[in-house]
Amino acid sequence: MMIISIDGYFQEILLTGKKCSSQELKQKYLQARKLAEQMQDLPYVFSRLHRFDVLPWDVGIEVDYVIDTDTDRVYIPTY
């Protein structure tokens with residue numbers, strides 16, 4: 001399992017799901033983005049489409065990847 005943060009101007013959401021590469025994650029993000037009517041809906045479309053679960057926000061959780069919806073960038077955060 002892995003934890004990702006979807007970070008954007010509108011909100012910050014944590015999701016957990018099956019591990020995948022950054023390239024696979026970017027493809028999943030772009031697919032969900034095409035289907036989401038509004039950017040606020042993207043985390044929920046992503047989680048339903050790819051079987052991820054939404055986690056309660058906790059600043060102390062270390063995430064495996066960040067999806068920045070403002071720049072469409074997927075990256076591994078540095079702590």
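All of the points below concern the structure found in this document. Bear in mind the structure is a predicted one, so any value in this text is a computation, not a measurement.

**What to know about unusual backbone geometry**
Item 1. The backbone of arginine 51 sits at a positive phi, close to 60 degrees, despite the residue not being glycine.
Item 2. Of note, arginine 51 is situated in the loop between α2 (42–50) and β3 (53–55).
Item 3. Take arginine 51: its relative accessible area is 75%, and that puts it in the exposed class.
Item 4. The residue aspartate 72 is not glycine, and still its phi comes out positive at about 60 degrees.

**Let's talk about the side chain of histidine 50**
Item 1. With respect to the helices and strands, the residue histidine 50 is situated in helix α2.
Item 2. With residues up to four places along the chain from it excluded, the contact list for histidine 50 reads Lys28 and Gln31.

**Digging into the packing of aromatic side chains**
Item 1. Using the criterion set out here, one finds 1 aromatic pair in the structure.
Item 2. In this structure, arginine 73 packs its charged tip against the face of tyrosine 75, placed 4.2 Å from the ring centre.

**Some details on the pairing of strand β1 (residues 2–7)**
Item 1. Bridge analysis of β1 against strand β2 (residues 12–17) gives 6 bridges, and the strand direction is antiparallel. Note on β2: the bridge partner recorded for methionine 2 is glycine 17.
Item 2. Hairpin connection between β1 and β2: a loop of 4 residues separates the two successive antiparallel strands.
Item 3. As defined by bridge partners, β1 adjoins strand β4 (residues 65–68) across 4 bridges and the pair is classed as parallel.

Rules used in this analysis
- Residues numbered from 1 in each chain as written.
- Predicted model: local features only at pLDDT ≥ 70, side-chain atom pairs only at ≥ 80, totals over all residues.
- Heavy atoms only, no water.
- Helix = DSSP H or I, 4+ residues; strand = E, 2+ residues; numbered from the N terminus.
- Buried < 20%, exposed > 50% of the residue type's maximum accessible area, 1.4 Å probe, protein only.
- Contact = heavy atoms within 4.5 Å.
- Phe/Tyr/Trp six-rings, centres within 6.5 Å; stacked < 30°, edge-to-face > 60°.
- Lys NZ or Arg CZ within 6 Å of the ring centre and 35° of its normal.
- Pairing = 2+ DSSP bridges.

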